[in-house]
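Listed below, chain by chain, are the residues.
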Amino acid sequence: MRSRNIGIDLGTANTIVYVDGQGIVLREPSVVAKRVETGEVVAVGEEARAMIGRTPGSIKTIRPMKDGVIADYDTTAAMMKYFFEKAVGNSKTDVMVCVPSGVTEVEKRAVIEATQNAGAHDAYLIEEPFAAAIGAGLPVMDPTGSMVVDIGGGTTDVATISLGGIVSSRSIRMAGDKFDESIIDYIRQKYNLLIGERTAEQLKMEVGSASVEKAAELADISVRGRDLLKGLPKTVDLKAVDIAQAIHEDIEEIVVAIKETLESTSPEIAADVIDHGIVLTGGGALLKNLPEVISDSTKVPVFVAQDPLDCVAVGTGESLKNLDVMKRHR
């Protein structure tokens, strides 16, 4: 019996695996822990993420995906192999992988080869915003314009879609990871306090706001880190406004990408988008007050998709139904 095909959202921050006929079966961080001397894989996924910032000198944690593309080929292949075996065992299977809309042919080839080396029978690609639109339930095959903004860990993909294809799109390397970096930098400069990636991510999720004005309504939060002047552990009380100010310029960059995509599309599709609104997907869609900020800037209604974290994976999985068409096309 032939094994079921797989759809995989190979993200910078998290990897989600969708098995045909079963739905989402696996959701793990895109992190690998390896021994420095031998290169042996010690842990993958959630177990490896727990090691970030806590490993001895003999072990290093690696995030093999950067800005939505492969930064460490061998580690990515090892990570995917682990996820495939966990999802469907050792059976050979066809795999549909999503990629950001702005990737080069070389980057696409690297994803296909890494997927095949990880144990796939064959690999196919789908663009992230198109997969996100399918997963969000948008009418992608209809002669109606839809607009989706997928804010992931490494990239934000913006696209207008009609009649089964992308009409206009932008892919910028500004997303969740950059928000975390901006929070770390801001707290270091303002409070002389050094915090780690996981702490920055926690702050973003708990009190992060796309609107500096509305952040004032959120509660303060305590954060622990290392005092850069004394070198000792220290606790600081932060205001939610601090986090909003830290990521303000990043949010502005995403808004500009959305405006540019709208400006480069046809008047008919722009009119459809005004009627039906912009749909947000990805982890970044959960940032407080983001729909209001984008709507105020574009004068277009903005909605967060149901289960925004899963939209790309579900859309990638749903596209497996058209795998026979893609094989013939190839």
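As recorded by an unreviewed UniProt entry, the protein carries the name Cell shape-determining protein MreB and is attributed to Bombilactobacillus thymidiniphilus. Turning to the protein, the UniProt record has this under Subcellular location (unreviewed entry): "Cytoplasm". Of the protein, the UniProt comment under Function (unreviewed entry) reads exactly: "Forms membrane-associated dynamic filaments that are essential for cell shape determination. Acts by regulating cell wall synthesis and cell elongation, and thus cell shape. A feedback loop between cell geometry and MreB localization may maintain elongated cell shape by targeting cell wall growth to regions of negative cell wall curvature."

(A) A look at the side chain of T298. The topology assignment puts T298 in helix α11 (residues 290-298). The class of T298 is buried, set by a relative accessible area of 13%. Contact partners of T298, with chain neighbours within four places excluded, come to I258, K259, L262 and I278.

(B) Structural view of the packing of helix α9 (residues 248-263) against α11. The geometry of α9 relative to α11 is characterised by a closest axis approach of 10 Å and an angle of 45° between their N-to-C directions. In terms of axis orientation, α9 runs oblique to α11. The hand of the α9/α11 crossing is right-handed. Here I251, V255, I258, K259 and L262 of α9 lie close against α11, whose contacting residues are L290, V293, I294, S297 and T298. A breakdown of the residues in the contact of α9 with α11 according to their chemical character gives seven nonpolar, two polar and one charged.

(C) How the structure looks around the packing of helix α4 (residues 128-135) against helix α12 (residues 311-318). Closest axis-to-axis distance for the α4/α12 pair is 6 Å, and the angle between their directions is 90°. Viewed along their axes, α4 and α12 adopt a mutual orientation that is roughly perpendicular. Only C311, V312, V314, G315, T316 and E318 of α12 make contact with α4, whose side of the interface consists of E128, A131, A132, I134 and G135. Considered class by class, the residues forming the contact of α4 with α12 number six nonpolar, three polar and two charged.

(D) Highlighting the sheet that holds strand β4 (residues 32-35). If you walk across this open sheet you meet the three strands as β5-β4-β6, and the pairing is antiparallel. At either margin of the open sheet sits one strand with a lone partner, and together these are β5 (41-44) and β6 (59-62). Going from strand to strand, the sheet's axes swing by 20° on average, the running direction of each strand aside. With three bridges joining them, β4 and β5 adopt antiparallel strand pairing. Along β5, the bridge assignment pairs K34 with V41. Sheet contacts for helix α2 (residues 73-88): β4, β5 and β6; angle to β5, the most-contacted strand, approximately 60°.

(E) Structural context of the nonpolar core. Within the largest apolar cluster, 44 residues are counted, with the highest numbers of intra-cluster contacts made by I183, I195, L203, I251, I258 and I278. Formed by 25 residues, the second largest nonpolar core is a distinct cluster that contains V32, V44, V95 and A114.

(F) Fine view of helix α10 (residues 267-276). Residues I269, D272 and V273 constitute the buried set of α10. For α10, the buried positions fall inside an angular range of 100° around the axis, keeping them on one side. Every exposed residue of α10 that faces more than 90 degrees away from the buried side is listed here: P267, E268 and D275. Those residues of α10 that are buried are in contact with β11 (146-151), β12 (156-162), β13 (165-172), α9 and β17 (278-281).

(G) Broad picture of the sheet that holds strand β16 (residues 233-238). Pairing in this open sheet of three strands is antiparallel, and the strands run β14-β15-β16 from one edge to the other. Looking at the sheet topology across the chains shown, the edges are occupied by β14 (193-194) and β16. In this sheet, strand β15 (residues 221-227) lies alongside β14 in antiparallel orientation, the contact comprising two bridges. Residue pairing for β15: L194 is matched across the bridge by R226. In this fold helix α5 (residues 176-191) packs onto β14 and β16, with an angle of close to 100° to the strand it touches most, β16.

(H) Structural context of the packing of aromatic side chains. Across all of its chains, the model carries one aromatic pair by this definition. Geometrically, the ring pair formed by Y82 and F83 is edge-to-face, given 5.6 Å between the ring centres and 65° between the ring planes. Overall, F83 belongs to the buried group, its relative accessible area being 0%.

Cut-offs used in this document
- Residues numbered from 1 in each chain as written.
- Predicted model: local features only at pLDDT ≥ 70, side-chain atom pairs only at ≥ 80, totals over all residues.
- Heavy atoms only, no water.
- UniProt positions renumbered as here; feature names shortened; annotations may be inferred.
- Helix = DSSP H or I, 4+ residues; strand = E, 2+ residues; numbered from the N terminus.
- Buried < 20%, exposed > 50% of the residue type's maximum accessible area, 1.4 Å probe, protein only.
- Contact = heavy atoms within 4.5 Å.
- Axes fitted to C-alpha atoms, helices over the stretch in contact; angles between N-to-C directions.
- Parallel < 35°, antiparallel > 145°, perpendicular 65-115°, else oblique.
- Left-handed = near helix turned anticlockwise from the far one by under 90°.
- Nonpolar A, V, L, I, M, F, W, Y, C, P; charged D, E, K, R; others polar.
- Pairing = 2+ DSSP bridges.
- Core = buried A, V, L, I, M, F, W, Y, C linked by side-chain atoms within 4.5 Å.
- Arc of directions from axis to C-beta.
- Phe/Tyr/Trp six-rings, centres within 6.5 Å; stacked < 30°, edge-to-face > 60°.

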